[in-house]
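# Notes for the structure review
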Amino acid sequence: MENLMISKRWIIFGIGASLFLMSQFYRASGAVIAPDLISDLKLSHHALGLLGAAFFYSFAIVQLPLGLFLDRVGPRITMTFLNLIGAAGAVIFAGADGMMGGVIGRALMGLGMAANLMGPLKLLTNWFDPRKFATLSGLFVSIGTLDSLAATTPLAMLVEGFGWRKSFYILAGLNAFLSVCLMIIVRDRPSDKRSVYKKNVPTSASKSIKTLFLSWNYWAISLTTFLRYGPYAAIQTLWAGPFLIEFLGLSPIIAGNLLFMLSIGLIFGGPFSGMLSDRILRTRKSTIITGLFICTVGTLAFSQWRSATHLILLGTILFAIGFFNSFGQVMYAHIKELMPDDMSGSAMTGINFFTMMGGGVFIHLLGNIVEHMGPSFRGALGGYQISFLICSVAFFLATILYFTTQDSYVSAEPKY
């Protein structure tokens, strides 16, 4: 019976991970099909940016109400419903003949994917030992990063073979298939009374929101993740590439290899930070502060880089930024443990709103700075240097802010 329970847990983990992969695949696909979108939908670069942002912002806006649904309706039904919306969004996007259809499709995809990290994390709280939560959530971050790499060459091959429109029809079908698997196979919690899940009387929605909003820990962790993820997203998804190519004069291939180091760092850092927090330090706060401080130093060094030499050292710096930025995923375990068990979904989605908004705000902020100050002015601090200095300051402020949070400790004994 125990072996059957373990197998069931990992099947649920696998389905949740597959849907998280789908979310990351949709999000990362824009770079590959951008030329096709500009040509087929007759988009300007400004319009292309808005098209990309539609996914990001619809994803962020739904986070807080999403938490209430995960806690009360449950992740199984909530994720199934939203993923079917995401599949419909992919169909609309594939059939778009202009800007409006593209934005609607991308926004629906963002809405549909909004629960594909928080939903599985909610399932993990119900099915797995709480002492392993940070490790498992770190593994989820790594899986998602790995898929963002897969959304390059494999998607490019799919687009080359079928065209971008048919490719998204195929993705929509896969999304719908996974949604059906989720509905049929997954259950919100084990039925075995010996499970790690402990049922509580649900806290009312108004009380959940009040508990969150009156907690300094919630605001400190939320503002920290805004200041932590925003700079990383701005560097990794957009501005590091132009900096390496335009400012340092590197070839696109070399720049791509250096950016690859960011993602590789994140892939390895996620599980490591979880195990460090769960098994070695047994504390959330110290793990997160360590990652934030090293990211502060790393982005400061990156902001001062002026030449196309010592690329191995530069690649090491970028690897370190990705590796130690992944320590931030432990914040989900931290906020979950500081709030009542039946509020875990609301707590995690509450801070995830700030995570996603941080990405959007910093991408736009750095873009305005680069545009107005000049991207390649070498005589003094130009737009890129100022932008990355701002990222370093953001990491430093996040480090200081996190010292004000209450720590949570991982017990050596099972919680339930």
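Residues numbered from 1 in each chain as written. Predicted model: local features only at pLDDT ≥ 70, side-chain atom pairs only at ≥ 80, totals over all residues. Heavy atoms only, no water.

Now for the pattern of salt bridges. Here the structure, examined in full by the defined rule, presents three salt bridges. As a salt-bridge pair, Lys122 and Asp71 come within 2.9 Å of each other at their nearest N and O atoms. Of the two residues, Lys122 is situated in helix 7 (residues 118-127) and Asp71 in helix 4 (residues 63-72); the sequence distance between them amounts to 51 residues. Asp71 matches Lys122 in its accessibility class, with the two residues each being buried. In this structure, Glu337 engages Arg284 in a salt bridge whose closest nitrogen and oxygen atoms are separated by 2.6 Å. Here the residue Glu337 occupies a position in helix 15 (residues 330-338), and Arg284 occupies one in helix 13 (residues 284-303), the gap between them amounting to 53 residues. Sharing partners across several salt bridges, the network here consists of Asp278, Arg284 and Glu337. (Salt bridge = Lys/Arg side-chain N within 4 Å of Asp/Glu carboxyl O. Helix = DSSP H or I, 4+ residues; strand = E, 2+ residues; numbered from the N terminus. Buried < 20%, exposed > 50% of the residue type's maximum accessible area, 1.4 Å probe, protein only.)

On to a nonpolar patch on the surface, then. Together, Ile11, Phe69, Val73, Ile77, Val180, Met183, Ile184 and Ile185 make up an exposed nonpolar region whose accessible area comes to about 670 Å². With four residues, helix 9 (residues 153-185) is the largest single contributor of residues to the nonpolar patch. Residue position: Ile184 is located in helix 9. Under the relative-accessibility criterion, Ile184 is labelled exposed at 58%. (Patch = residues over 30% accessible without salt bridge, like charges linked within 9 Å, V, L, I, M, F, W, Y side chains within 5 Å. Areas by Shrake-Rupley, 256 points an atom, 1.4 Å probe, with all protein chains shown as cover.)

The share of residues in the protein chain with pLDDT of 70 or more is 86%, and the mean pLDDT across the chain is 84. Within the model, pLDDT remains below 50 along residues 193-199, and this stretch shows 14 contacts once partners closer than five positions in the same chain are excluded. (pLDDT = per-residue confidence, 0-100. Contact = heavy atoms within 4.5 Å.)

Turning our attention to the packing of helix 5 (residues 75-94) against helix 6 (residues 99-112). Each pair of packed helices gets described by two things: the angle between the helix axes and the distance between those axes. Contact pair helix 5 / helix 6: the axes reach a minimum separation of 7 Å and the direction vectors enclose 160 degrees. The orientation of helix 5 relative to helix 6 falls into the category roughly antiparallel. You can see that helix 5 and helix 6 cross each other, and the crossing is left-handed. Residue-level contacts link Leu82, Asn83, Ile85, Gly86, Gly89, Ala90, Ile92 and Phe93 of helix 5 to Gly101, Gly102, Ile104, Gly105, Arg106, Leu108, Met109, Leu111 and Gly112 of helix 6. Its residues placed into classes, the contact of helix 5 with helix 6 shows nine nonpolar, seven polar and one charged. (Axes fitted to C-alpha atoms, helices over the stretch in contact; angles between N-to-C directions. Parallel < 35°, antiparallel > 145°, perpendicular 65-115°, else oblique. Left-handed = near helix turned anticlockwise from the far one by under 90°. Nonpolar A, V, L, I, M, F, W, Y, C, P; charged D, E, K, R; others polar.)

Two elements in contact, helix 12 (residues 252-280) and helix 14 (residues 311-325), have axes whose closest approach is 6 Å; the angle formed by their N-to-C orientations is 35 degrees. The handedness of the crossing between helix 12 and helix 14 comes out as right-handed. Taken together, the residues of helix 14 that come into contact with helix 12 (itself represented by Ile254, Leu258, Met261, Leu262, Ile264, Gly265, Leu266, Phe268, Gly269 and Phe272) are Leu311, Leu314, Gly315, Leu318, Phe319, Ile321, Gly322, Phe323 and Asn325. Its residues assigned to classes, the contact of helix 12 with helix 14 comprises 14 nonpolar, five polar and no charged.

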